[in-house]
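# Working through the structure, step by step
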Amino acid sequence: MRDLDPIAFTVELGKFYELSKESGTVAVTMKRMTPERLAITLKVKKQLPKGGQDAMKKTDDASTLRYPCLVRATYKTKKISTTVSVDEFDRFQSAYSTVIRAYMDTLKKKERVKKAKKAKTSA
Amino acid sequence: MYISNWDEFQKAAEELYAGCPENTRYVTHFRRTDGELILKVTDDRSVIKFKTNQASDLKRFIQLNHNLMVQMQNKPSVGTEKKTSTEEVPVPVVVPAITSSGPQIPTVATASAGSKGKKGKKRK
């Protein structure tokens, strides 16, 4: 599993979708980076992902905590992942939606019934 | 469990997430060769899924990505409200300025008397 930064992730995701033109399925998973998951990441990678500090704070009011979001993508045996911090939210969402719009083109489009109305002749 | 109605699915998905934010995950499967998009939200106890092949669902799908990630990050959702309000700031101030100055330009040479309604006559 390759760990990428959010923008590089969307680029790679686009490549996955490109490859899936021939065959296969691309799966994208999202979940919250909980303190437990962050602790594991810290153990393995020796460093916290961006924005991880915010989620590790100890407060009584959990509703004020901000978490990074873990995003993974799989195509056949290839896997990539990223963590999106709150600061990177907007950039990631816009890049991700661009990729979606670009590659999810095999969905059926609504057949638009062309209106046969001719422009009314205004004297 | 598949839900066929989008609005019901979206509502159920957001509720399921809110019910168990620690363990709920959201998975998107896209099969490009078949043109099929499958969304799944599960908290390991219950599963809800949505399947579509309509391009018209894309917009709503992108919106759901947005909403669920807001929930995952526990982010205060201010961004969307701001965007809509700032986009609709009208800039028509410039347009009337140009149109009002437009007719004035030819009358500049004929001094201020032209503004009293003789414009029509002079053009003849």
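Residues numbered from 1 in each chain as written. Chains lettered and ligands numbered in written order. Predicted model: local features only at pLDDT ≥ 70, side-chain atom pairs only at ≥ 80, totals over all residues. Heavy atoms only, no water.

As recorded by an unreviewed UniProt entry, chain B carries the name SRP9 domain-containing protein and is attributed to Phycomyces blakesleeanus.

Note the threshold: UniProt positions are given in the numbering used here, feature names are shortened, and annotations may be inferred rather than shown by experiment.
The name given to chain A in an unreviewed UniProt entry is Signal recognition particle subunit SRP14, and the organism recorded there is Phycomyces blakesleeanus. Taken from UniProt, the Subcellular location (unreviewed entry) comment for chain A reads in full: "Cytoplasm". Looking at chain A in UniProt, the text filed under Subunit (unreviewed entry) is "Component of a fungal signal recognition particle (SRP) complex that consists of a 7SL RNA molecule (scR1) and at least six protein subunits: SRP72, SRP68, SRP54, SEC65, SRP21 and SRP14."

### A few points about the sheet that holds strand S3 (residues 69-75) of chain A
Rule in force here: In short, DSSP must find at least two bridges between two strands for them to pair. Segments assigned H or I by DSSP are reported as helices when at least four residues long, segments assigned E as strands when at least two residues long, and all are numbered from the N terminus. In this analysis, axes come from line fits to C-alpha atoms, helices being fitted only over the stretch in contact, and the angle between any two N-to-C directions falls in the range 0 to 180 degrees.
Read from one edge of the open sheet, seven strands run S1(A)-S4(A)-S3(A)-S2(A)-S1(B)-S2(B)-S3(B), paired in mixed fashion. With one partner strand each, in any of the chains shown, strand S1 (2-4) of chain A together with strand S3 (47-52) of chain B form the two edges of the open sheet. Across this sheet, the average inter-strand angle for adjacent strands is 15°, counted without regard to direction. Across seven bridges, strand S2 (residues 25-32) of chain A lies against strand S1 (residues 25-31) of chain B in antiparallel orientation. Residue pairing for S1 of chain B: alanine 27 of chain A is matched across the bridge by histidine 29 of chain B.

### Describing the interface of chain B and chain A
Which entries qualify depends on this criterion: Residue contacts are defined here by distance: any two heavy atoms, one from each residue, within 4.5 Å place the two residues in contact. Here the quantity called buried area is the total loss of accessible area, with a 1.4 Å probe, experienced by two parts when brought into contact, counted for both. Within 3.5 Å is the distance limit for a polar contact, defined as a pair of N or O atoms, with the added protein rule that one can donate a hydrogen and the other accept it, and that residues adjacent in sequence qualify only through two side-chain atoms. Each residue gets one label: Ala, Val, Leu, Ile, Met, Phe, Trp, Tyr, Cys and Pro are nonpolar, Asp, Glu, Lys and Arg are charged, and the others, such as Gly, are polar.
Taken together, the 35 residues of chain B in the interface contact 43 residues of chain A. For the pair chain B and chain A, the two sides together bury roughly 3500 Å², of which 56% comes from carbon and sulfur. At the junction of chain B and chain A, the tally comes to 19 residue pairs in polar contact (both at pLDDT 80 or more). Of the residues assigned to the side of chain B that touches chain A, the class counts are 14 nonpolar, 15 polar and six charged.

### Brief notes about the pairing of S3 of chain A
Every regular strand shows the same layout, with side chains that alternate between the two sheet faces. Residue and element names in this part refer to chain A. Convention followed: With a 1.4 Å probe rolled over the protein chains alone, any residue whose accessible area is under 20% of its type maximum counts as buried; one over 50% counts as exposed, and the rest are partly exposed.
For S3, the buried fraction is high: five of the seven residues fall into the buried class. Pairing analysis gives seven bridges linking S2 to S3, with the strands arranged antiparallel. Within S3, the residue paired with valine 26 across the bridge is tyrosine 75. As paired strands, S3 and strand S4 (residues 78-84) are joined by seven bridges and run antiparallel to one another. Bridge pairing in S4 places tyrosine 75 opposite lysine 78. Here S3 folds back onto S4, and the loop between the two strands holds two residues, one of which, lysine 76, carries a positive phi near 50°.

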